[in-house]
Amino acid sequence: MSLLKVEALTKKFGSKVSVDALSFALQPNTATALIGPNGAGKTTTMSMICGLLEPSNGKVTLADGGDIRKHIGFLPQYPKFYSWLSALEYVEMTARLSGISAREAKKRSEEVLTYVGLGKDMKRLTSTFSGGMKQRLGIAQAIVHKPQLLLLDEPVSALDPIGRAEVMELLKELQRETTILYSTHILHDAEKVTDQVLFMKEGRLVEEGTLQEIQQRYANPRYSIEFVHEAEAEAFAQSLAEHAVREGSNVTLPIDEQLPTMNALMALLSSSRYEIIKVERESASLDQIFMKVAGVGEFTASTAR
Amino acid sequence: MNSLQVLLVKEFRESWRSFKFIWIPLVFILLGVSDPVMNYFMEDILKAVGNMPEGFQMMMPELQPLDLLMASTGQFQLIGVIVLIAVFVGTISRDRSSGTATLIYIRPVSAVSLFMSKWIVAALVAILSAVLGYAGSLYYTSVLYGSVSFKDALIMIVTYAVWLLFVMALTVALSAAFSTGLAATIAIIVIPIGGMIDSIIGSFWNASPWKLVSYGVMLGSDTALYDDYWKTLAVTFGLIIICLVVGVWATRYNRSRTKV
């Protein structure tokens with residue numbers, strides 16, 4: 001049974017369609033990455049799921065129904081806190097607003113603040129916090145009421161590599177207790193914690209599946225051979241006719257039934273007298289896949305080579 | 001109303017920690033004290049710094065205690081109310097535009113709690129300031145000019161408190177409905193300029209919130225006004241309720257305008 005169901009979700013601002021008939025489902029205790037270029041409608045989608053924006057069409061349903069706001073935690077891309085409250089006071093307040101009793105709220109707040117690594121700073125005013133600390137505080141307020149669904153908008157984009165690794169590690173742990181939907185444009189980070197990838201472009205869902213599936217679909221593996229002499233590269237490319245593409249002294253060719261394995265290629269090459277510098281098997285990097293799915297076509301063609 | 005209680009604590013903390021509970025009452029105390037003291041020493045002040053020609057005769061008006069309370073009320077109306085509007089006109093709209101409201105709006109909190117917590121704290125700051133301002137004014141008036149009856153003072157202060165409930169309900173409702181700039185513009189037009197219009201052509205009607213304050217002060221000397229006073233009080237309470245309803249509605253309607 002899926003925890004969250006999004007059906008034909010649409011949001012129009014005037015004549016501009018930000019989210020266009022988006023449908024997907026989230027399984028319990030999974031982490032889903034919402035990926036797409038800026039302006040793809042990721043934040044608008046999240047705003048609609050957590051009830052800040054009224055959808056123009058379609059609906060969002062949580063498995064056990066009722067007021068969705070009781071069961072979700074949300075971290076916006078740039079969380080803003082009341083500067084005159086301490087971290088503990090802030091998290092306590094948000095916990096109580098989510099319907100937790102006063103005593104329980106205090107206990108839970110101290111727990112989650114320690115959990116996200118703000119144990120020593122919980123009595124400090126939020127205005128004194130650094131960017132990374134604010135992000136942790138944002139996570140603390142999002143999980144303090146043990147939500148069924150955790151929504152995170154670009155949780156790592158503003159952080160340095162250390163902060164990113166730490167936050168992703170936190171998400172990995174949280175995934176055991178809750179369902180996570182987070183948006184990002186850093187596929188590399190998505191690799192570690194994601195069960196499912198939803199790829200959005202111009203408000204529509206353009207790709208869906210596990211990261212491995214998408215990677216396979218777009219990997220486009222090929223051989224790349226570097227020759228010493230350009231003439232030999234040309235001759236070799238000619239001998240393989242339509243399959244090979246030469247660029248300078250480098251030849252790339254697809255992996256197909258003619259040359260299914262590296263060994264077959266090596267056999268072919270060693271039977272010739274060409275002088276070779278390097279032979280390797282290439283596949284598209286995550287960044288290249290991102291650009292390909294995002295439809296930056298021309299750019300991908302040249303960078304994939 | 002558990003969430004109202006939590007939000008009230010938050011609003012009190014804000015107003016306390018940003019010193020609103022201290023500096024705004026101080027403004028009102030200064031305004032309240034200035035008229036009785038200035039008027040009492042006016043002759044001496046003029047003698048000392050006025051550079052008056054030899055033999056110049058001054059006729060200082062014989063001021064009654066009530067005149068000074070009216071003057072203080074005028075100060076509150078002219079300066080104090082503008083200060084209150086300026087401080088509280090962004091109370092909801094600024095939370096939205098800065099994005100601090102986002103993390104509150106995603107929780108199961110009713111628009112009634114959100115709006116009422118803002119209004120109650122704004123009204124309390126305003127009423128506390130006015131009470132202290134009047135206390136200062138009454139103290140110096142009774143010391144320098146003569147005492148005012150307790151009943152008159154009480155009616156005057158309570159009436160002014162009702163007026164401030166109205167001013168703050170309108171200000172916070174505007175803050176819920178519009179951006180800070182627009183809300184401030186409208187509030188500044190409606191409250192003081194409305195008062196001016198009411199004093200210029202207000203003789204055509206006898207009940208409007210802007211009359212409430214002067215009725216409250218005049219009741220001390222003119223009991224014939226009671227009829228109009230009750231009518232005005234009823235009109236003002238009616239408008240307060242309208243402001244609250246509109247404010248709650250606007251808070252709910254504008255939920256999506258918070259910065260994500």
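Residues numbered from 1 in each chain as written. Chains lettered and ligands numbered in written order. Predicted model: local features only at pLDDT ≥ 70, side-chain atom pairs only at ≥ 80, totals over all residues. Heavy atoms only, no water.

Asks: Give me the overall build of chain B: which residues, what numbers.
Replies: The number of helices and strands found in chain B is 11 helices and 0 strands. For chain B, the sequential pattern of α-helices and β-strands runs α-α-α-α-α-α-α-α-α-α-α. Along the first, second and third principal axes, the C-alpha atoms of chain B reach 75 × 40 × 30 Å. Here chain B holds 260 residues, and the buried ones make up 48% of them. (Helix = DSSP H or I, 4+ residues; strand = E, 2+ residues; numbered from the N terminus. Buried < 20%, exposed > 50% of the residue type's maximum accessible area, 1.4 Å probe, protein only.)

Asks: Mind laying out helix 4 (residues 131-143) of chain A, listing which residues take part and the relevant values?
Replies: Note that an α-helix has 3.6 residues per turn; residues three or four places apart therefore point the same way. Given a rise of 1.5 Å per residue, 13 residues ought to cover 18 Å, and the 19 Å separating the end C-alpha atoms of helix 4 of chain A matches this to within 8%. Those residues of helix 4 of chain A lying buried are Met-133, Gln-135, Leu-137, Gly-138, Ile-139, Ala-140, Gln-141, Ala-142 and Ile-143 of chain A. Those residues of helix 4 of chain A that are buried are in contact with strand 5 (72-75), helix 2 (87-97), helix 3 (102-115), strand 6 (149-153) and helix 5 (161-174) of chain A together with helix 6 (102-105) of chain B. (Expected span 1.5 Å × (residues − 1). Contact = heavy atoms within 4.5 Å.)

Asks: Tell me about the interface of chain A and chain B, and please be specific about residues and values.
Replies: Listed as interface residues are 29 residues of chain A and, on the opposing side, 27 residues of chain B. Interface area, chain A with chain B, both sides summed: about 2600 Å², of which 63% is carbon and sulfur. Summed over the shared surface of chain A and chain B, the result is 2 salt bridges. In this structure, Arg-13 of chain B and Glu-89 of chain A form a salt bridge, with 3.7 Å as the shortest nitrogen-oxygen distance. Across the chain A-chain B interface, the total number found is 10 residue pairs in polar contact (both at pLDDT 80 or more). For the side of chain A that touches chain B, the secondary-structure elements that each account for two or more residues are helix 1 (42-49), helix 2 and helix 4 of chain A. The biggest single contributor to the side of chain A that touches chain B is helix 2 of chain A, with 6 residues. Class assignment of the residues belonging to the side of chain A that touches chain B gives a composition of 15 nonpolar, 8 polar and 6 charged. (Buried area = accessible area lost by both parts, 1.4 Å probe. Salt bridge = Lys/Arg side-chain N within 4 Å of Asp/Glu carboxyl O. Polar contact = N/O pair within 3.5 Å; in protein donor to acceptor, adjacent residues only side chain to side chain. Nonpolar A, V, L, I, M, F, W, Y, C, P; charged D, E, K, R; others polar.)

Asks: Pulling in residues and values, what's your account of the sheet that holds strand 1 (residues 4-13) of chain A?
Replies: Residue and element names in this part refer to chain A. Strand order across the open sheet formed by 3 strands is 2-1-4, with antiparallel pairing between neighbours. Both edges of this open sheet fall to strand 2 (16-26) and strand 4 (57-62), since each of them pairs with a single strand only. The sheet shows a mean angle of 20 degrees between the axes of neighbouring strands, direction not considered. Where strand 1 lies against strand 2, 7 bridges are found, and the strand directions are antiparallel. If you follow Leu-9 over to strand 2, its bridge partner there is Leu-22. (Pairing = 2+ DSSP bridges. Axes fitted to C-alpha atoms, helices over the stretch in contact; angles between N-to-C directions.)

Asks: A description of the nonpolar core should follow, citing residues and the corresponding values.
Replies: Core analysis: the largest hydrophobic core is formed by 150 residues, its most contacted members being Phe-115, Trp-119 and Trp-163 of chain B. In terms of residues, this core owes the most to one element, helix 8 (residues 150-177) of chain B, which gives 18 residues. Sequence-distant contacts of Trp-163 of chain B, that is, excluding residues within four places in its chain, are made with Gln-77, Val-81, Ile-191, Pro-209, Trp-210, Leu-212 and Val-213 of chain B. Val-251, Leu-259, Leu-265 and Leu-269 of chain A belong to the second largest nonpolar core, which has 13 residues in total. (Core = buried A, V, L, I, M, F, W, Y, C linked by side-chain atoms within 4.5 Å.)

Asks: With reference to specific residues and values, describe the pairing of strand 7 (residues 179-184) of chain A.
Replies: All names here are of chain A. Judged by how many residues are buried, strand 7 sits mostly within the fold: 6 of 6 residues are covered. Both faces of strand 7 are covered, namely the face carrying Thr-179, Leu-181 and Ser-183 and the face carrying Ile-180, Tyr-182 and Thr-184. Where strand 3 (residues 31-35) and strand 7 come together, 5 bridges link them in parallel fashion. Following the sheet pairing, Ala-33 is matched in strand 7 by Tyr-182. Where strand 6 and strand 7 come together, 5 bridges link them in parallel fashion. Looking at strand 7, one finds that Leu-149 is bridged to Thr-179.

Asks: Please set out the sheet that holds strand 11 (residues 245-247) of chain A residue by residue, giving values where relevant.
Replies: Residue and element names in this part refer to chain A. Strand order in the open sheet formed by 4 strands is 11-12-10-13, with antiparallel pairing between adjacent strands. Of all strands in the sheet, those bounded by a partner on one side alone are strand 11 and strand 13 (276-282). On average, each strand axis in the sheet is inclined to that of its neighbour by 20 degrees, with strand direction left out of account. Looking at chain direction, strand 10 (residues 222-227) and strand 12 (residues 250-254) are connected through 5 bridges and run antiparallel. Among the inter-strand pairings, Ser-224 is bridged to a residue of strand 12, identified as Thr-252.

Asks: Quick one: what's the story with the packing of helix 4 of chain A against helix 5 of chain A, residue by residue and with numbers?
Replies: All names here are of chain A. Running from N to C, helix 4 and helix 5 point in directions that differ by 15 degrees, and their axes come no closer than 12 Å. Here helix 4 is positioned roughly parallel relative to helix 5, judged by the angle of their axes. The crossing of helix 4 and helix 5 is right-handed. From helix 4, Arg-136, Ile-139 and Ile-143 reach across to helix 5, where they touch Glu-166, Val-167, Leu-170 and Leu-174. Along the lines of polarity and charge, the residues of the contact of helix 4 with helix 5 split into 5 nonpolar, no polar and 2 charged. (Parallel < 35°, antiparallel > 145°, perpendicular 65-115°, else oblique. Left-handed = near helix turned anticlockwise from the far one by under 90°.)

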